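Notes for the structure review
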Amino acid sequence: MNLKKITGAIALSAVVASSLIASNTVKIGVQAPITGKYANEGQSIENFVKLIVDEKNAQGGLLGKQIEVVTCDDEAKAQKAAVCAKKLSNAGVFAVIGSYTSGATEAAQTTYYRNKVLQTSDGTSDSLIKRKYWTFFRNSFPNSSQSDFTALYMVKGKQYKRIVVLSDYSSYSAGLGDATEASVKALGGNVIFRGKIKSGVQNFTATLTKIKAMNPDVIYYSGYYTDGGLLRSQQQQLQINADFVGGDSNDNPDFYKLAGKAAEGTVLINFPTPEILPYPEAKKYLSAYKARFKMDPPSIWPVTNADGLRAVIEGVEKTKSFDTKKIAQYVRQMKDFAGITGPFNIREDGERVGAKFVVYKMNANGTKKVVTE
Amino acid sequence: MDTFLQQLINGLTVGSLYALVALGYTMVYGVMKLINFAHGDMVAFSAYVGLTIFTQFYGSNALSLVNIVIVFSLTAIVVAFIGVLLERLAYRPLRTAPRLSAVVSALGASLVIQNGIMLIWGPNMEIFPANVFPSTSWNFGGVIISFTQVVILALSAVLMISLYIFINKTKIGTAIRATAIDQSAAKLMGINVNRIIMTIFIVGSMLGAIGGLFIGIYYRGLTFDMGWLYGLNAFIAAIIGGIGSIPGAMLGGLLLGLFNAMISGYISTEWAETFTFILLIIILIVRPTGLLGEKTAEKV
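Reference entry: report on the structure contained in this document. Fair warning: this is a prediction, and the values are worked out from it, not measured in the lab.

**A short note on the pairing of strand 6 (residues 163-167) of chain A**
Residues and elements named next belong to chain A.
- With respect to burial, strand 6 is a largely interior element, five of its five residues being buried.
- Here strand 6 shows a buried face lined by I163, V165 and S167 and a second buried face lined by V164 and L166.
- Read as a crossover between parallel neighbours, the route from strand 6 over helix 6 (residues 171-186) to strand 7 (residues 191-196) is right-handed.
- Two strands pair when backbone bridges link them, and strand 6 and strand 8 (residues 218-221) are joined in this way by four bridges, in the parallel orientation. Residue pairing across strands places V165 opposite Y220, the latter belonging to strand 8.

In structure tokens:
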């Protein structure tokens, strides 16, 4: 018995004691970047949580208890995330929504697992479910689901016969590029070239000239818009008559500006933006959000986090308990729970399955239109 | 064959941009024995200035030849002014100081300009309009040359030839060459060294400004730290050609562009930078003064 264990035991009993005293309220944590580069996303996650919690409280609360929201700002930094995880666990929350980035989510995972606190995040990195913690489930879709969807679109949908896959050297882009190449091959598609470009060098004509000689049907690029737009414009300048399909990070207005005239007809594959979600829950909650906060959520991610929270609430109400183990098991068994972002299904390892992606085509004036899958 | 020719055109276009920028390094080094690390950032600054003038005065309409000449001249004048200011503030007070002090001052100036760009225009990417030059291009049996490429190649060639004539055939050019050989002896011959150095900065900055504008028009995406990328490549070009030598900078730039395009095209983009530095090392081992550099006895 060392000092650490004793203090640990005291802290634990303090947590138990405090949760016993405050028996008419129950706490839910929000771990999100409230300040810093992703502040708008983090604040929107907090807002959406408050919206749903207030709705629940007005209906009489959760199993008769009022929900209290405890927010911790992790600034999208791993170190701060670890501190937040301890802080929120000590505050006695039974579930945590967030964080926004995969990095900050991963840094907090183990602490929540040890404290038996549920955690749900929109992080898309495949590594988030590697540790198979029962406390964690993802409310968005992993990067690997994008590659499967993209491959299906290119091989089965458009019937491309000669596919070029390009990425940059970043782990996100190269990972998505490799995954897409593998998915295309798994569908029996023909990847004639898998290349990498250096992000930021601006001159991609050497690689494109090499590709031109291979006569591709389509060029798929899994990197960011700053390079994707230039790639598309230089592709047109070199008169390479292939379609261009971009991964989710190409979906930015600057892609259109960089690609110029060549932007027209470019295809982008991304998660649906909030305003085009077709589900009844989406209409209800997004208009409530807009009415209260006077703006739309900046992206789909705060909305998927809201779905994570709604799944937890559903779990509490159906199991009639705050036992996190039971809730986690229930969430993993739900069949097509009606989420704002579509049917909500969680696999045994905490992965959300049934990914929905949208194919956009760029118009000449820079607007996008959804093309049917 | 057409793939090879296309890579040749690609390489020459980038190469002439490197050459224009490399001239700024080599001219300053030739006269002051100073590596002006801020030059790359001046190039980035020119692209931003050019973009601002374009959007301020001409909106999004296609430009006439007169307007283009005005924008290029205005940008060159603004950048030349900043170049002179840079020399006055960062280099002239250190002219008699040890060489290391001047190098540190140059690195500082580079950071000041880079951060200045970020504060004025913001950290996000700025984008040049696509219609500065007509998007016409010609197809010669599978080899495609765009109008912009033709302008870049032609104007770079004209500028380099004029510079060569200016340095070798005019009185000021002779004075510049004299100052490069020996500053104090040049002073004794009645040459105003300060004025010569100012001229060098004006000409070097103007060439950099044209290079920056071409980079903006050709690649369109501007980031505040882009000067580093072009600065480094141009600096390597200047060393390959022999730093201090004006034809050397031109040759070095073109060679570097071609070499990069061929490595990227036929081996791998991943290895392009590695091979570039290997080339640099080999050239420095075989010819320490660069391809066209003159052998000079270093004062110790």
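**Re the sheet that holds strand 3 (residues 95-97) of chain A**
Residues and elements named next belong to chain A.
- Taken in spatial order, the five strands make up an open sheet running 2-1-3-4-5, and their pairing is parallel. Where the open sheet ends on each side, the last strands, each with one partner, are strand 2 (66-73) and strand 5 (136-138). Direction aside, neighbouring strands of the sheet carry axes that sit 25° apart on average.
- Pairing of strand 1 (residues 25-32) with strand 3 involves three bridges; the strand directions are parallel. Residue pairing in the sheet places G29 in a bridge with V96 of strand 3.

**Thoughts on the interface of chain B and chain A**
- Facing the 22 residues of chain B at the interface are 23 residues of chain A.
- Broken down by secondary-structure element, the contributors of at least two residues to the side of chain B that touches chain A are helix 1 (2-32), strand 2 (137-140), strand 3 (143-146), helix 10 (246-266) and helix 11 (269-286) of chain B.
- Ranked by the residues each element gives to the side of chain B that touches chain A, the list is headed by helix 1 of chain B, at five residues.
- Split into classes, the residues belonging to the side of chain B that touches chain A amount to eight nonpolar, twelve polar and two charged.

**Considerations on the environment of A:S147**
Residue and element names in this part refer to chain A.
- Here S147 lies in helix 5 (residues 143-157).
- Taking the number of C-beta atoms within 10 Å as the measure of exposure, S147 has 26 and is therefore buried.
- Spatially, the C-alpha atoms of S147 and V353 are 14 Å apart, while their sequence positions differ by 206 residues.
- Those residues in contact with S147 that lie beyond four places of it in its chain are L176, A179, T180 and S183.

**Digging into the sheet that holds strand 7 of chain A**
All names here are of chain A.
- Taking strand neighbours across the sheet as the criterion, the seven strands line up as 7-6-8-9-10-14-15 in an open arrangement whose pairing is mixed. Edge positions in the sheet fall to strand 7 and strand 15 (368-371), since each of these pairs with one other strand and no more. Strand-to-strand twist of the sheet, defined as the mean angle between neighbouring strand axes without regard to direction, takes the value 25°.

**What to know about the nonpolar core**
- Residues B:A19, B:A22 and B:A237 are the most contacted members of the largest nonpolar core, which totals 125 residues.
- When residues in this core are grouped by element, the largest group, 16 residues, is from helix 1 of chain B.
- If near-sequence neighbours (up to four positions away) are discounted, B:A237 is found in contact with B:Y18, B:A19, B:A22, B:A249, B:G252, B:G253 and B:L256.
- Residues A:V49, A:Y100, A:Y112 and A:F136 belong to the second largest nonpolar core, which totals 53 residues.

About the criteria used
Residues numbered from 1 in each chain as written. Chains lettered and ligands numbered in written order. Predicted model: local features only at pLDDT ≥ 70, side-chain atom pairs only at ≥ 80, totals over all residues. Buried ≥ 20, exposed ≤ 12 C-beta atoms within 10 Å, placed from the backbone. Helix = DSSP H or I, 4+ residues; strand = E, 2+ residues; numbered from the N terminus. Right-handed = clockwise from strand over helix to strand, strands pointing away. Pairing = 2+ DSSP bridges. Axes fitted to C-alpha atoms, helices over the stretch in contact; angles between N-to-C directions. Contact = placed C-beta atoms within 7 Å. Nonpolar A, V, L, I, M, F, W, Y, C, P; charged D, E, K, R; others polar. Core = buried A, V, L, I, M, F, W, Y, C linked by C-beta atoms within 7 Å.

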